[in-house]
Structure formats: C-alpha cells, structure tokens
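As a plain string of letters, each chain reads:
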Amino acid sequence: MTLALFNTLTRAVEPFQPLVPPRVTLYTCGPTVWNYAHIGNFRTFLFEDLLRRWLEHSGYDVFHMMNLTDVDDRTIRAARAAGKRLRDHTEPYTQAFFEDRDYLRIKAAHVYPRATQAIPAMIALVARLLERGVAYKSDDGSVYFALAKFPTYGRLSRLDRRQIKVGARVSSDEYAKDDPSDFALWKKTDAEDEAVGAAWDAPFGRGRPGWHLECSAMSLDEIGRHFGIQTLDIHCGGVDLIFPHHEDEIAQSEGATGQPFARYWLHGEFLNVRGSKMSKRFGNFLTARDLREQGVDAAAVRLLFCQSHYRQPIDFTDDALAGATEGVKRLGELHARLNSERGRAKGAAGEGLAELAQRLEMEFATALDDDLDAPRAVAALFEFVRAANLTAFERVTGVLDVLPTVKALDPTFVRWVEERLAARERARKSKDFKEADQIRGELVARGVELEDGPSGTKWRLS
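From a predicted model like this one, the values you see are computed outputs, not experimental measurements. (Residues numbered from 1 in each chain as written. Predicted model: local features only at pLDDT ≥ 70, side-chain atom pairs only at ≥ 80, totals over all residues. Heavy atoms only, no water.)

Undergrad: Please give an account of the overall build of the chain that cites residues and values.
TA: Secondary structure summary: the chain contains 15 helices and 16 strands in total. In terms of overall dimensions, the chain has a C-alpha envelope of 95 × 50 × 40 Å along the principal axes. With 462 residues in all, the chain has 52% of them scored as buried. When the accessible area of the chain is evaluated, it comes to approximately 21000 Å², of which 50% is carbon and sulfur surface. Across the chain, the centroid of the 63 positively charged side chains sits 2 Å from that of the 68 negatively charged ones. (Helix = DSSP H or I, 4+ residues; strand = E, 2+ residues; numbered from the N terminus. Buried < 20%, exposed > 50% of the residue type's maximum accessible area, 1.4 Å probe, protein only. Areas by Shrake-Rupley, 256 points an atom, 1.4 Å probe, with all protein chains shown as cover. Lys, Arg positive; Asp, Glu negative; His and termini not counted. Charge placed at Lys NZ, Arg CZ, Asp CG, Glu CD.)

Right under this line is the structure:
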C-alpha cells in the first residue's frame, strides 16, 4: 500500500500526494499560551506527532510548523486579570508547553512562529485582502472579511450557505457554530489591549490581529520564505477547529493568494475524561504536567492514545491508563530480553524470528498507511511480543515511541543494589534462605524487580 489519509475537505480517504515530493509541508495548530495545555490538546498533538514520524519513516522530508498563539481574546483577558503585560503572562506558559512536549516525547517542530512576532506578515495579509476587495474597513474601525465575496465559504465544514447572515459581523475570536458572519481580521484596539501591550500600528488603523488571521499569515509566510509556494501539503488540528477557525483560514488565505490553501486537512477527535467532556466544572480537568507530577510514564500516555484511531473519540480513565502502563511494561521487558539475546538465535529458531519480524513490519506499515490506523499497528506489535527480532522491534517502536522511560539511576543506589544482591547470593549458597528472602524483600521495597536465571540474577526498577 501507499499512504492514504482521510481528507476532511473531501470526506474521503485519498492517496497522499504532496505538492513537490519528497518534501511535505505540515502545519499544525499549536497551543494558545494563556494557561497550561490540557491532555485534550495533547491528544491532538500526539496524533500529529504520529503522522510526522510515519511520514519521515516512509522517506518524506517533512517541514513541520506549529504556531504559538500569544495574542487573542483569551491571552489578553488573562494578562489583564493577572495585572501583567501580555508577554510577561504568556512566556511562562510557552516554556511550560515546551516542557510538556518533551515529557510526552513529541518531536519538536522545525519552527514555532509566535503571533506577536509575525505582526508584519499579518498586516501585509490584511492589506492584500483589502486590495483584492474581499475585506473592508467598518465603521467601528476594524477590518472584516466579506463572506459574500468568497462564494466557496463553508466547503470544509459543509456549511449551508443559506445560514450566512449577509452583512452581519462578529468581532470575537470564537463564535457560535450557527453564526457564520463576516469575521474580524484586524480589531481596533481598546483600553484593555493597550493596557497589556497588545496593540500595533497599521496603515488601516492601530489594532491587533484576529485569531483566525494569525495562522494564515504565519503559515503562508513560512512556506513562502522557505519554498516560494502558497499551498500547504497538510494542515492539522482538532475537530473543534473545523468551524470557524479552519474555515476562516481557508477564506483568508485563498482570498489573498487565489491558490488552494492546503491539499489535505486532517482533524483529531475529542478526548473525554471518565466518560465526560473534560471541564474544570466536572472536576476532570487534567494537564500534561498533572500526569508528569503523578509519575505517569509518557510511554503509557502515548500507548493509550495509540489504542484509539485519531478520528475516534477516546475516554481517558484510570483503568485505561493502568492497562496502558502494564502494556508498556511488557514491551520494556521484551526489549530488554531481545537486547540480551541479540544474535543468539540460530537455525530454525532464527528463521522463525526473521519471519515474524518481516510479518510485523509488513502489518505495521499496512496499518499506518491506511489513514494512520494506530490501533491495528499496536495490535501487530503486541502479537509480536511472544518472539521477535530486535531490529524490527526497534523500527516500529521508533514510530510509536511506547517503550518505558529509562530511569536515571543514582550510582550510590546501584552500588547498594549490587551489594545486597551479592549478600543474597552468599546467603543462598550457604542455604540461609530466610536471610535471602529478607534481602529480596528489602530490594522489592525499594522498587527493584529480580529475575533469577541460569546465568545469575538480573534486576530492574519496577
């Protein structure tokens, strides 16, 4: 098979054909850094990480862009409430996002354009839209996109154009899903904007960008400067962004360039916590740092999310996480065993392992080529757990990245373990089994697992 992806624009699974192979331009909507990102955000970021890893594994040269929204209605309100300048409020949350990204082993994007650092590109895009007659300056001093001048508006979200309120305007960054109206590209500043430093001079008036404008300007600027093109290969995000955000991005971008904005649109489904949509009101609101502080292995989170297709909702429960944690432990044990037995299998046993390895890589590739069917890929991996080839194992786990996090061992602790193991071995040789059991209990109490075998005792941290 060749890679095929579900394109939200056409509502069909299509063979993937980038504009200029093997290069792939990938834009993923990043976090709004007004607060800590929650695990629902990271469910989307992890599906995008799987997509990028599989593209690169398949031989594509991926250029990955992820924006950081550090100016919009929410960031301004939060900065004002905290009594801070906008940058002073958003910068700690930006750094926290990078820490959470690294904890969850998400590959860093090649560029992270920040909205506040891309104001010139946004001003240029608004000017271009005004020049082309698809935007207008209103009596309130803001600049709006004229939906009536863009007849294909609504094709991504399958919006009934009869719902569009001709001449009506919406100035907020987020608006009701049944309220398609002319939306703000550039907002005239008010006292709150000025108080936090969220205001810039432009030919059409002092103001700030609307949220929807930001992604269009940053993505077009990046691919224009790097590759001289105006069309993305892939644009990703959560399903909640299809309307209005991504619909508005298409209107702005294509209204300015006259070219298709993105060839493929991919959207990840929601994550629920304990059966309900995540909400502080329901007491089930979780951030990535909550999991890190609880000592949850990132591999378990990655495995749990891979066990559901990215286009299906997933329920995050304690039981599901515990099951994923146990699965990660099994994978770690297999990896350790394969490492220790590297090159030992001979004859029929070696041929059997080679056949299993070939089957794993074939089934794994077939699954991920079929619209990133991660659950089927995970099933193939666990089918392989009974007996495997290390090279094949590491190739597939390199894409999923679900091996346990390697724990840094304190040299003093290692010496203590080795001393206790030596004492236990002496007790066993002298048939003092009570002493040997007592030492084993000491080790287990400190999180050390023992495995006695013909070649001696092996140990690892649980």
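Once the structure has been displayed, the description carries forward.
Undergrad: Can you break down the packing of aromatic side chains residue by residue, with the values?
TA: This structure, assessed with the given rule, holds 18 aromatic pairs. With centroids separated by 5.5 Å and ring planes inclined at 75°, the aromatic side chains of Phe16 and Tyr60 adopt a geometry described as edge-to-face. With Phe16 in the loop between strand 2 (12–15) and strand 3 (23–28) and Tyr60 in the loop between helix 1 (39–57) and strand 4 (61–66), this pair connects stretches of sequence that are 44 residues apart. Overall, Phe16 belongs to the buried group, its relative accessible area being 6%. Ring centres of Phe145 and Phe150 lie 6.0 Å apart, and the angle between their planes is 75°; this geometry places the pair in the edge-to-face category. For Phe145, a relative accessible area of 0% corresponds to the buried category. Overall, the relative accessible area of 9% leaves Phe150 in the buried class. (Phe/Tyr/Trp six-rings, centres within 6.5 Å; stacked < 30°, edge-to-face > 60°.)

Undergrad: Tell me about empty space enclosed by the protein, residues and numbers included.
TA: Empty pockets left among the atoms are what a rolling probe the size of a water molecule brings to light. Tallying each qualifying case throughout the model produces three cavities of 30 Å³ or more. Forming the boundary of the largest cavity are 14 residues, of which Leu46, Phe47, Leu50, Phe305 and Cys306 lie nearest the centre. The space that makes up the second largest cavity amounts to roughly 70 Å³. As for the second largest cavity, its lining consists of Phe45, Glu48, Asp49, His64, Met66, Phe97, Arg101, Ile106, Lys107 and Tyr112. Every element with two or more residues in the lining of the second largest cavity is listed here: helix 1, strand 4 and helix 3 (86–103). Here the element with the most residues in the lining of the second largest cavity is helix 1; it accounts for three residues. (1 Å grid on protein atoms, 1.4 Å probe; cavity = no way out; pocket = protein on both sides within 12 Å on 5 of 7 lines; lining within 4 Å. Points joined across faces, edges and corners; volume = space filled by probe spheres on them.)

Undergrad: An account of the nonpolar core is needed here, citing residue identities and associated values.
TA: If you look at the biggest cluster of nonpolar residues, it comprises 76 residues, and the most contacted ones within it are Leu51, Ile234, Leu266 and Phe316. Broken down by element, the residue count for this core peaks at nine residues, all from helix 1. Core analysis: the second largest hydrophobic core is formed by 57 residues, Val170, Trp211, Leu220 and Leu232 among them. (Core = buried A, V, L, I, M, F, W, Y, C linked by side-chain atoms within 4.5 Å.)

Undergrad: Kindly report on the packing of helix 2 (residues 73–82) against helix 3, identifying the contributing residues and their values.
TA: Orientation of helix 2 relative to helix 3, taken along the N-to-C sense of each, is 105°, at an axis distance of 9 Å. On the basis of the axis angle, helix 2 is roughly perpendicular to helix 3. Where helix 2 abuts helix 3, its residues Thr75, Ile76, Ala78, Ala79 and Ala82 lie against Leu86, His89 and Thr90. Within the contact of helix 2 with helix 3, the residues separate by chemical class into five nonpolar, three polar and no charged. (Axes fitted to C-alpha atoms, helices over the stretch in contact; angles between N-to-C directions. Parallel < 35°, antiparallel > 145°, perpendicular 65-115°, else oblique. Contact = heavy atoms within 4.5 Å. Nonpolar A, V, L, I, M, F, W, Y, C, P; charged D, E, K, R; others polar.)

Undergrad: Provide a residue-level description of the sheet that holds strand 4, including the pertinent values.
TA: Spatially, four strands are ordered 4-3-10-11 in an open sheet, and the strand pairing comes out parallel. Lying at the two open borders of the sheet, with one neighbouring strand each, are strand 4 and strand 11 (262–268). Pairwise comparison of adjacent strand axes, ignoring direction, gives a mean angle of 20° for this sheet. Taken together, the six bridges between strand 3 and strand 4 define a ladder with parallel strand orientation. (Pairing = 2+ DSSP bridges.)

Undergrad: Before we move on, can you summarise the pairing of strand 8 (residues 182–188) with the specific residues and values?
TA: When you tally the buried positions in strand 8, you get six out of seven residues, the bulk of the element. Bridge count for strand 6 (residues 143–145) against strand 8 is two bridges, and the pairing is antiparallel. Note that in strand 8 the partner of Tyr144 across the bridge is Ala184. Looking at chain direction, strand 7 (residues 169–170) and strand 8 are connected through two bridges and run parallel. Bridge pairing links Val170 to Phe183 in strand 8. Across three bridges, the pairing between strand 8 and strand 9 (residues 207–209) is antiparallel. Each bridged residue has a counterpart across the sheet, and for Lys187 the counterpart in strand 9 is Arg208.

Undergrad: Requested: an account of the environment of Asp437, with residues and values cited.
TA: Looking at the element boundaries, Asp437 is found in helix 15 (residues 433–445). As a C-alpha pair, Asp437 and Pro411 span 26 residues in sequence and 24 Å in three-dimensional space.

Undergrad: So what's going on with the sheet that holds strand 12 (residues 271–273)? Which residues, and what values?
TA: Pairing is mixed across the open sheet formed by three strands, whose spatial order is 13-12-14. Strands with a single pairing partner mark the edges of an open sheet, and in this sheet they are strand 13 (276–277) and strand 14 (314–316). Contacts from helix 1 reach strand 12 and strand 14, with the element oriented near 145° to strand 12.

Undergrad: Mind laying out the side chain of Asp248, listing which residues take part and the relevant values?
TA: Following the sequence through the fold, Asp248 ends up in helix 7 (residues 242–257). Those residues within four positions of Asp248 in sequence are excluded, and the remaining contacts are Tyr153, Tyr175, Phe183 and His212.

Undergrad: Outline the packing of helix 9 (residues 298–306) against helix 10 (residues 318–340), listing residues and values.
TA: One way to put it is that helix 9 packs onto helix 10 with a least axis distance of 8 Å and a crossing angle of 110°. Considered as vectors, helix 9 and helix 10 are oriented roughly perpendicular to each other. The two elements helix 9 and helix 10 cross, and the hand of that crossing is right-handed. Contacts between helix 9 and helix 10 pair Ala299, Ala300, Val301, Leu303 and Leu304 from the former with Ala320, Leu321, Ala324, Thr325, Gly327 and Val328 from the latter. (Left-handed = near helix turned anticlockwise from the far one by under 90°.)

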